[in-house]
Amino acid sequence: MIMLSGGMILANTIVVVGMQWGDEGKGKITDFLAGKADVVVRCQGGNNAGHSVYFDYKKFALHLLPSGVFNPRVINIMASGMVVHPKALLAEIEQISHQGINDIQVYLSDRAHVVMPYHLVLDELIERVRGADAIGTTKKGIGPAYMDKTARFGIRVCDLLDETRLLNQISVALAFYNPVLVAFGSETFDAQALTNEYHHYGMQLRHRIADTGVMLRQLIKENKYILFEGAQGSMLCLDHGTYPFVTSSSPTATSVPLNAGIAPREINQVIGVTKAYSTRVGAGVFPTEITDQIASTIRERGKEYGTTTGRPRRIGWLDSVVLRYGAQINGTTGLALTLLDVLSGMDELKICVAYRLDGNIIHHVPAKYQDYLRVEPIYDSFQGWKEDISAITSYESLPENCKKYLQAIEAYTETKIAVLSLGPDRTQTVVLDPSIQ
Ligand code: GDP
Ligand code: IMO
Ligand code: MG
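Note that the structure is a prediction, hence the values are computed from the model and not measured. (Residues numbered from 1 in each chain as written. Chains lettered and ligands numbered in written order. Predicted model: local features only at pLDDT ≥ 70, side-chain atom pairs only at ≥ 80, totals over all residues. Heavy atoms only, no water.)

Observations concerning the overall build of the chain
On a plain count of helices and strands, the chain comes out with twelve helices and 23 strands. The C-alpha radius of gyration computed for the chain amounts to 22 Å, which stays within 12% of the reference 22 Å derived for 437 residues, consistent with globular compactness. Here the chain holds 437 residues, and the buried ones make up 57% of them. Partitioning the contacts of the chain with sequence separation of at least 6, the portion at a separation of at least 24 is 75%. Charged side chains of the chain number 41 positive and 45 negative; the gap between the two group centres comes to 2 Å. (Helix = DSSP H or I, 4+ residues; strand = E, 2+ residues; numbered from the N terminus. Rg over C-alpha atoms; globule rule 2.2 N^0.38 Å. Buried < 20%, exposed > 50% of the residue type's maximum accessible area, 1.4 Å probe, protein only. Contact = heavy atoms within 4.5 Å. Lys, Arg positive; Asp, Glu negative; His and termini not counted. Charge placed at Lys NZ, Arg CZ, Asp CG, Glu CD.)

Shown next, in the form of structure tokens:
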């Protein structure tokens, strides 16, 4: 934290966290804030994430790389809590290079876990076994890679550089998985062939492999401006989300210190990114989901199709029970409200303020999945606004009904809006809390 003259405190370690079910616009907000940052860190997840960034009439889709790569002076760190498919990482670096982004500063933690080809096959098989209860994963092998991490036969990035160790680890994993693959009628894997392939990836990436915990702790000491870019969203959290329809890591701000190798007290601010409505991709409970014409209109205007899988996103009204829960578990100090422009032209807007369960009004997210499926949302209704707000540059210029909607969000979530996003482009951003930049 840096104290400026006049007593203003400038936050210099900020977590950008998803408050809903992912795809809130974390990539856009991180890229915007990265204009002033020194370091951007991805802490968890892998290429199940899809973060879209627009500037200079160009669109970029990042899955593994932090959204600081568009600023040549920013150091980008892929921290130890991530699970990384090295082939996908090399392809992504090449892809953005074709789009004119070269000489990026990216470091990959030697402690991060590696997504192996058998993880992708296992992801498919586990989904198949679940049948009607399939989670609708991104099929990127994320769950199985984290399973191996906790089972202690995961492959870590540092192993890629040591052929003997790599062969040993892969052999242990395959001794377990090859019989499983046979039982499901799938092809088995050869430990030596995988070792050769993955050692090669390690050698291609070796100039980027580092103890990123050491780097980060030093950068913090030097008072650098550091952004921690969340992936997924709080409701997809393995511990606090809508289990079992969740991802296999914790996307919350709480997980950042653990996943980055820093102390909890080093986090100054937490910016919770939320859409002005809700979306969810994949299966699972979604109390405020709507499937009518309004949903189709929002989907088309907001281009609500997955960045990673292209799947149409499910649409719903804003859910302040979810946002309040997210604000509490993340310690959200300010909201970044995105896609507000998409709501222009609607006659009526709704915000869910509580749930009804078995005749009782509740204000929390039930743990029991079957209970959460049964809740009925209780809504407050708001008049919409007709004006196009995508070129507005100050809060004062927003239509009155739009301001009322924003004030209601602040009241229901007990959290101030720090940033407004009125379009996908970097320039379509209004900062309301000057301490974050
Ligand atoms: P992330 O995973 O949280 O980074 O979000 P995604 O990139 O997957 O999805 C957010 C989508 O909304 C992307 O297509 C963004 O370009 C787009 N987007 C972000 N902010 C805004 C906004 O304020 N208005 C509009 N219209 N689109 C936005
Ligand atoms: P970003 O970072 C939206 C969802 C999947 C599925 C569940 C489990 O772009 O916000 P997984 O492949 O992780 O095992 O899938 O989580 N999911 C996401 N949904 N945005 C994401 O990331 C997601 N990452 C995973 O759709 O429901
Ligand atoms: Mg996304």
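Following the structure, the description resumes.
Here's the deal with the domain arrangement of the chain
The assigned domain composition of the chain is domain 1 (9-107 + 211-436) and domain 2 (113-205). The straight-line distance from the C-alpha centre of domain 1 to that of domain 2 is 29 Å. Residue-level contacts link 26 residues of domain 1 with 22 residues of domain 2. Roughly 1900 Å² is buried in total at the junction of domain 1 and domain 2, and carbon and sulfur atoms are behind 64% of that figure. In terms of surface lost to domain 2, no three residues of domain 1 exceed V83, P86 and L90, which account for 28% of the buried area on that side. (Domains from an automatic or database assignment. Buried area = accessible area lost by both parts, 1.4 Å probe.)

Structural notes on the coordination of the magnesium ion (ligand 3)
Only D23 (OD) and G50 (O) from the protein coordinate the magnesium ion (ligand 3), and they sit 2.0 to 2.1 Å from it. On the criterion of sequence distance, the pair formed by D23 in the loop between β3 (13-18) and α1 (26-34) and G50 in the loop between β4 (39-42) and β5 (51-55) is long-range, its members being 27 residues apart. (Donors = N, O, S within 2.8 Å, 3.2 Å for Na, K, Ca; no water.)

Things to note about the packing of helix α3 (residues 117-130) against helix α4 (residues 142-151)
A pair of packed helices is captured by two measures, namely the crossing angle of their axes and the spacing between those axes. Close contact between α3 and α4 brings their axes to 7 Å; oriented N to C, the two are set at 110 degrees. The angle between α3 and α4 places the two elements in the roughly perpendicular class. The way α3 lies across α4 gives a crossing that is right-handed. Side by side, α3 and α4 meet where Y118, H119, L122, D123 and I126 of the first sit next to I142, P144, A145, M147 and D148 of the second. (Axes fitted to C-alpha atoms, helices over the stretch in contact; angles between N-to-C directions. Parallel < 35°, antiparallel > 145°, perpendicular 65-115°, else oblique. Left-handed = near helix turned anticlockwise from the far one by under 90°.)

Notes on the sheet that holds strand β16 (residues 314-316)
Strand order in the open sheet formed by three strands is β14-β16-β15, and the pairing between neighbours is antiparallel. On the outer flanks of this sheet lie β14 (278-280) and β15 (289-290), each paired with one strand and no other. Summarising the sheet, β14 and β16 pair through three bridges and their orientation is antiparallel. Following the sheet pairing, R280 is matched in β16 by R314. Most of the contacts of helix α9 (residues 293-301) go to β16, to which it runs at about 115 degrees, and overall it touches β15 and β16. (Pairing = 2+ DSSP bridges.)

Observations regarding the site of ligand 2
If you check the shell around ligand 2, you find 20 residues, and the closest are D23, K26, H51, T138 and T247. In this structure, an oxygen atom belonging to ligand 2 sits 2.9 Å away from a main-chain N or O atom of G50. Protein contacts shield 98% of the accessible area of ligand 2, which totals 550 Å² for the unbound molecule. Within the shell around ligand 2, the residues separate by chemical class into seven nonpolar, ten polar and three charged. Residue-level mapping places the shell around ligand 2 at the junction of two domains, with at least three residues from each of domain 1 (9-107 + 211-436) and domain 2 (113-205). (Near = heavy atom within 4 Å. Polar contact = N/O pair within 3.5 Å; in protein donor to acceptor, adjacent residues only side chain to side chain. Areas by Shrake-Rupley, 256 points an atom, 1.4 Å probe, with all protein chains shown as cover. Nonpolar A, V, L, I, M, F, W, Y, C, P; charged D, E, K, R; others polar.)

Some points on empty space enclosed by the protein
In the structure shown here, the tally under the stated rule is one cavity of 30 Å³ or more. Considering only enclosed or pocket space, the largest cavity measures out at about 50 Å³ in volume. Lining the largest cavity we find V15, V16, V17, C43, Q44, F228, E229, G230, P251, T252 and V256. Sorting the residues of the lining of the largest cavity by element identifies β3 and β12 (226-229) as the ones contributing at least two each. Per-element accounting of the lining of the largest cavity gives the leading share, three residues, to β3. Partitioned by chemical class, the residues of the lining of the largest cavity number seven nonpolar, three polar and one charged. (1 Å grid on protein atoms, 1.4 Å probe; cavity = no way out; pocket = protein on both sides within 12 Å on 5 of 7 lines; lining within 4 Å. Points joined across faces, edges and corners; volume = space filled by probe spheres on them.)

Comments concerning the pairing of β12
Residue alternation in β12 divides its side chains into two sets, I226 and F228 and L227 and E229, and both sets are buried. Inspection of the sheet shows β3 paired to β12 by four bridges, in the parallel sense. Bridging from a neighbouring strand, I14 pairs with L227 of β12. In this structure, β4 lies alongside β12, joined through four bridges in parallel fashion. Considered in β12, the bridge of R42 is made with E229.

As for the nonpolar core
Nonpolar side chains tend toward joint burial in soluble globular proteins. Among the nonpolar cores identified, the biggest contains 40 residues, and L65, M78, L89, L108 and Y118 are the most heavily contacted of them. Looking at this core, the elements that each hand over two or more residues are β5, β6 (58-62), α2 (86-98), β9 (105-109), α3, α5 (163-183) and α6 (191-205). The residues that make up this core include at least three from each of domain 1 (9-107 + 211-436) and domain 2 (113-205). Discounting residues that sit within four places of it in the chain, L89 has contacts with L64, L65, M78, V84, L108 and L205. Core analysis: the second largest hydrophobic core is formed by 38 residues, A276, L318, L422 and V430 among them. (Core = buried A, V, L, I, M, F, W, Y, C linked by side-chain atoms within 4.5 Å.)

Overview of the sheet that holds strand β18 (residues 334-338)
Pairing is mixed across the open sheet formed by ten strands, whose spatial order is β11-β9-β7-β4-β12-β3-β13-β18-β22-β23. Since the sheet does not close on itself, it has two edges, and those belong to β11 (209-210) and β23 (429-431), each with one partner.

Looking at helix α7 (residues 212-221)
The set of residues buried in α7 consists of T212, G213, L216, L219 and I220. Within α7, the buried residues cover an arc of 125 degrees as seen down the axis, which keeps them to one side. Elements in contact with the buried residues of α7: β4, β7 (75-78), β9, β11, β12 and α8 (255-260). Positioned one or two residues after α7, N223 has a phi angle of 60 degrees, which is positive. (Arc of directions from axis to C-beta.)

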